[in-house]
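Structural overview
Below, each chain spelled out in residue letters.
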Amino acid sequence: MTSYHKPDEKTLQGLKDVANKLRINSIKATCASNSGHPTSCCSAAELMSVLFFNTMRYKADDPRNQCNDRFVLSKGHAAPILYAAWAEAGFVKESELLNLRKVDCDLEGHPTPKLAFVDVATGSLGQGLGAASWIQNYYQCPYFLLRLPALCCRYRVYCMMGDGECSEGSVWEAMAFASYYKLDNLVAIMDVNRLGQSEAAPLKHDMETYRKRCEAFGWNTYVVDGHDVEELCKAFWQAQQVKDKPTCIVAKTFKGKGLKNIENLDNWHGKPIPKDRVDDVLKDLQALIQVPNKTLTPKLPKDDTAPADLSVISLPSPPAYKKGEKMATRRAYGVALAKMGEASKRVVALDGDTKNSTFSETFKKAFPDRYIECFIAEQNMVGVAIGCATRDRTVAFASTFAAFFSRAYDQIRMGAISQTNVNLVGSHCGVSIGEDGPSQMALEDLAMFRAIPTCTVFYPSDAVSTERAVELSANTKGICFIRTSRPDTAVLYAPDEKFKVGLAKIVRQSDNDCVTVIGAGITLHEALSAADTLASEGKLKIRVIDPFTIKPLDAVTILASARATGGKIITVEDHYKEGGLGEAVLSAVGKEPGIVVTQLAVTGVPHSGKPQEMLDLFGISAKHIAEAVRQTVAN
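Residues numbered from 1 in each chain as written. Predicted model: local features only at pLDDT ≥ 70, side-chain atom pairs only at ≥ 80, totals over all residues. Heavy atoms only, no water.

**Some thoughts on the sheet that holds strand 9 (residues 395-401)**
- The strand order across the open sheet built from seven strands is 8-7-9-10-12-11-17, with neighbouring strands paired in mixed fashion. The open sheet has two free edges, formed respectively by strand 8 (371-373) and strand 17 (549-551), since each of these has just one partner strand. Strand-to-strand twist across the sheet, computed as the mean angle between neighbouring axes with direction ignored, equals 20°. (Pairing = 2+ DSSP bridges. Helix = DSSP H or I, 4+ residues; strand = E, 2+ residues; numbered from the N terminus. Axes fitted to C-alpha atoms, helices over the stretch in contact; angles between N-to-C directions.)

**Here we look at the UniProt feature "domain: Transketolase-like pyrimidine-binding" (unreviewed entry) in the protein**
- In this numbering, the UniProt entry assigns the feature "domain: Transketolase-like pyrimidine-binding" (unreviewed entry) to residues 327-491.
- Along residues 327-491, the helical share is 39% and the strand share 18%, with 7 Å between the first and last C-alpha atoms. (UniProt positions renumbered as here; feature names shortened; annotations may be inferred.)

**What to know about the pairing of strand 2 (residues 157-162)**
- With six of six residues buried, strand 2 lies mostly within the body of the structure.
- Along strand 2, one buried face is formed by Val157, Cys159 and Met161 and the opposite face, lined by Tyr158, Met160 and Gly162, is buried too.
- With six bridges connecting them, strand 2 and strand 3 (residues 186-192) associate as parallel partners. Looking at strand 3, one finds that tyrosine 158 is bridged to valine 187.
- After leaving strand 2, the chain enters helix 7 (residues 169-180) and then returns to the sheet as strand 3, a path that is right-handed. (Buried < 20%, exposed > 50% of the residue type's maximum accessible area, 1.4 Å probe, protein only. Right-handed = clockwise from strand over helix to strand, strands pointing away.)

**As for the sheet that holds strand 5 (residues 247-252)**
- Taking strand neighbours across the sheet as the criterion, the five strands line up as 1-2-3-5-4 in an open arrangement whose pairing is parallel. Only two strands of the sheet have a single partner each, and these edge strands are strand 1 (70-73) and strand 4 (220-225). This sheet shows a mean twist of 20° between the axes of neighbouring strands, independent of strand direction.
- By the bridge criterion, six bridges tie strand 3 to strand 5 in an arrangement that is parallel. Each bridged residue has a counterpart across the sheet, and for valine 187 the counterpart in strand 5 is threonine 247.

What follows is the structure in C-alpha cells.
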C-alpha cells in the first residue's frame, strides 16, 4: 500500500507563503474595486494553496485541458482568491487582479465560464457540489466503470463550499447522490469559518456534528485545521487513496484569518478592508512570507483523456410514424432519445424517478451505462446535468414532469450564466394530463423557460416533430427545453418533414382564411378539430399554425398569416396566460398596426378531472376555439 510522505519543510513553508500571497492579492483586488469578500477569501487561503500547489494536477497554461483536475468554487463570493490562485499559477496577470468587478474585465464578482478555468458559474449558494458530482461524468464513476473500463479517465474533482451554504437542501441532495454512486474521485471541502453574512452559521464550529452528518450521508470524512498546511497535505493525500466513497474535508477555519482586529469578528462579510487600515494589514501579511520569490509549480496531469468529440449528432434513421397514427409526444421523446444514444456515445440521459412517465426508460433499457438516475431531487438533477455538459464532454438530456422544474429554477438560471448546453425535457404539461390534478400540471413552465436568456423552447405537437426537436436540441447551443404532452395525439407530419429552430409550420390554410389560430401540443390538435367543425358548417375557414419553437418564435410566418387573415389572431394554450404562447405572439406582433390577438389560456388553479373535461372547463377545447373564431369574425 502506498505510504504518505510528508512534504519537506521548504515546501511546507512555500505553501504557507503562497497562502499569504493569496490573502494579499485578494485584499488588493477587493480594495481596488471597493467591493467584494476579502474575509471569506482569507479563511480559505491555506486550503487554496495546498489544493492548487500541492494536490491538484493541471496545466497552468491550459486550464481547459481535458486531463486537468477540476475545481468548483461553490462559495462563489470568494472569487478573488480563485483569481489570485490562477495568478500565482501564472495564467492570470497579477496586475489584472486590480480590475476585479470592472465592466471590461472577466474577473467578475462571482466566477463564470467566461474564464477558461471556470466550468460552472457559482454565487447562488448550494449549487456547486451538484455540478461537481458529475463534472467527472460517467466515465469516472465506479458504477459505470464496470461497464466502460476502456473509457476510464481519472482526473479528480474538488469542490469548495462554505459552511453557510450547507443550510441549503441542494447540498445534501448532492451528498446523497455522490455517495450512492460511489464517486471516489470527488472531494468536497467545507470551509467552516463559523460566520455567515448576517450572523454565525447554525453549527458555528461544531466540527463533530459536521463530521457525523457527512458520514451519515456515506462520505469518507476528515476534520482538519484548515490553516495547517501540513495537515491539509495529508488529508488531501488520504482522500486520493479512498475507493468507492467520496471524501469530505471539513476544515475549521476563521473568517478574516491573518487580519488583525478583523479575524473571527462579526460584521465583516462582503466588506473591503478600510483604506486607513489596509496598509497595516498588508504589511503584517507580507512579514509572514519567508521566501518571497519562491514559486511552487502545479503538478502536471496524466495525458489519459481524449479530447471531446464536437461533431454534429443526427438521428440514425427518420421517424418511423405514419400520419394519423396516435402517439404521445412524451413517448416519442423516449424513442428519439434512444436513437440519439445509438448515434453518439456522448449522449447521456438523466431522470428524477419519472422515467416510466417521461419515457427516458427507453434510453435506459438501450444504454444503461449512460443513464443516470437522480431520484426525486430535481435541483440536484439539473445541477448534475450541467456538470455533465461541461467542456462539451457529453450531450445531456434531463427529464421529469415539467411542473417539477420549478423547484430547480435557480439551478436553471445559473445554468444560463454557466453557458451550459444542457437539454431539459418536461412532460405532463397543462390541464390535459387530467385526473392527477393541479400539483402535477405544468402551467408556468413556458414562462419560466422563456425568461432564461440562453434558452430555446421547443413545443412539439406530434411524434415526428418531437424526434426532430430532440435532434435539434442536441446540437443547439445554450439551454434547451422540450415540452412534451401526456395524451396520445395524431401524427401530423411525414417522416421526411424538415424542421428548424424558429421556423413555424402552417398546418391548415386556404385562400379564404378569416382568422389565424396558433396552438401547440394538445391545443394544436384542438385547433385542427375546430377548423374541421367550422368547415363542416360551410361558413368559416381558419389558418392553423404550429409554432414548433416558442422561443425563438417565427414572427415572420405569424405576421404574414395575420395579414392574410385580416389581422385576426387567436392563440390557444394549455398554460397560464402569463408568459406563455399568447404573450410570445403578442410580443412578436406588438409593433404591427391593425393586428388583434385573442388569447385562450388556462385561468385560475385547476383541479382533477378527465382531460377533455379540463380542456372544456378552461375554454381551450375545440368547441371554445370555434366559438372564439365566430366571435372574432363577428366583431
